[in-house]
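# Fold and contact review
The lines below spell out each chain.
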Amino acid sequence: MSKNIVQLEHQACVEMLVWLADELARVYGNSNASEYTDLKGLTIEHDYQTWSEDTFDLLLRWDIMETCSSDPSKPASSAAARFLVTRNQIREMAEQSFEGKPDIDWVLAAFIERAVDFHGVSSSRVAFSVHEDFAGILNLLHELGYAKRLQDNYIWTDLIGPVMVQCRLWTGGGQSLEALAEAKLRRRIRELPSYVLDEIGYLVAQNEAINAVTVLANCPDWTTADGFNAMHLLYPGALRSKIPGD
């Protein structure tokens, strides 16, 4: 290993912090966000979603942001903050002392929570591919032992288990909750009457996949969300979106 573990952790932390900062700016930046091409000076407000609150807290503790008011006539609010540094200045933190700063697991949890929920990064225990935007971070996590690189794919290792449990993505025994839910859904699909599966297949062939969801939702103990998720398993691509939850 060309770099020691501390240097790698520092580098991984700052790359994830840059990504999280950009994500906050992208999602919550005001109408003038385009004027701040390198973050510094941009004021943003969040809506108290868990990921944004955690990320705000993280960036405040790293002195990347400071609380402020989006309206100068109002007092500073925990829901509004201003970027104090540029992306390059965040990356320069890799060469500084991390004493008193949140550890890598805290940064990693914020990254995992957002990247898995909204950017297609897998939380499963099987090999997965990522968009090129995440390759640099995943390569660093590979060097740290949190993931293993398999040519163009990656697979999570047991080392990331505590973070996945914290993010409510794995069980304490290291099983992916997503995989467990999919296995349960596949069992339920196998238990459906054959005439229901035949009707669903017919509707998909007629480009009426949304009506197939309704057929599933009308089955005993099935919901619309179950129907959407089942359609993604049975006929990938037949639907454009997935409804999370009931």
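Preceding this section is the structure that the text describes.
These numbers were taken from a predicted model, which means no experiment stands behind them. (Residues numbered from 1 in each chain as written. Predicted model: local features only at pLDDT ≥ 70, side-chain atom pairs only at ≥ 80, totals over all residues. Heavy atoms only, no water.)

## What to know about the packing of helix H8 (residues 194-205) against helix H9 (residues 209-217)
Rules: For helices, the fitted line uses only the C-alpha atoms of the stretch in contact; every axis is such a line through C-alpha atoms, and the angle between N-to-C directions lies from 0 to 180 degrees. In this text, helices come from DSSP runs of H or I with a minimum length of four residues, and strands from runs of E with a minimum of two, each type numbered from the N-terminal end. Oblique is the label for any angle not covered by the other classes, which are roughly parallel (under 35 degrees), roughly antiparallel (over 145) and roughly perpendicular (65 to 115). In this scheme the handedness of a crossing depends on how the near helix is turned from the far one: anticlockwise by less than a right angle means left-handed, clockwise means right-handed. Every residue pair with non-hydrogen atoms within 4.5 Å of one another is taken to be in contact. Under the grouping applied here, Gly and all other residues not named as nonpolar or charged are polar, the nonpolar ones being Ala, Val, Leu, Ile, Met, Phe, Trp, Tyr, Cys and Pro and the charged ones Asp, Glu, Lys and Arg.
Running from N to C, H8 and H9 cross one another at 165°; their axes reach a closest spacing of 8 Å. Taken together, the axes of H8 and H9 lie roughly antiparallel to each other. Crossing handedness for the pair H8 and H9: right-handed. Residues Val-196, Glu-199, Ile-200 and Leu-203 of H8 lie in contact with H9, whose contacting residues are Ala-209, Asn-211, Ala-212, Val-215 and Leu-216. Residue classes in the contact of H8 with H9 are distributed as seven nonpolar, one polar and one charged.

## Section: the nonpolar core
We apply this condition: Buried Ala, Val, Leu, Ile, Met, Phe, Trp, Tyr and Cys residues form a nonpolar core when they are joined through side-chain atoms within 4.5 Å. Burial classification: accessible surface area is computed with a 1.4 Å probe over protein chains only, and a residue below 20% of its type maximum counts as buried, one above 50% as exposed, and the rest as partly exposed.
Within the largest apolar cluster, 57 residues are counted, with the highest numbers of intra-cluster contacts made by Ile-64, Phe-83, Ile-112 and Trp-156. Taken together, the elements giving at least two residues each to this core come down to helix H1 (5-28), helix H2 (50-61), strand S3 (77-83), helix H4 (104-118), helix H5 (132-144), strand S5 (153-156) and helix H6 (161-166). Of the residues forming this core, the biggest block, 13 residues, is contributed by H1. Excluding anything up to four places from it in sequence, Ile-64 contacts Leu-17, Leu-59, Arg-82, Phe-83, Leu-84, Val-85, Ile-90 and Met-93. Judged by nonpolar contacts, the second largest core, of 18 residues, contains Leu-185, Val-204, Val-215 and Ala-230.

## Section: the environment of Ala-135
On the secondary structure map, Ala-135 appears in helix H5. Those residues in contact with Ala-135 that sit more than four places away from it in its chain are Val-130 and Tyr-154.

## Overview of the pattern of salt bridges
Pairing between side chains of opposite charge can happen when their charged atoms approach one another. Just so we agree on the cut-off: Salt bridges are identified by distance alone: a Lys or Arg side-chain nitrogen within 4 Å of an Asp or Glu carboxyl oxygen.
Going through the model one piece at a time under the given rule, you end up with ten salt bridges. With a shortest N-O distance of 2.9 Å, Arg-87 and Asp-38 are connected by a salt bridge. Here Asp-38 lies in the loop between H1 and strand S1 (43-45) and Arg-87 lies in helix H3 (residues 87-92), a separation of 49 residues in the sequence. Note that Asp-226 is salt-bridged to Arg-188, the shortest N-O span being 3.3 Å.

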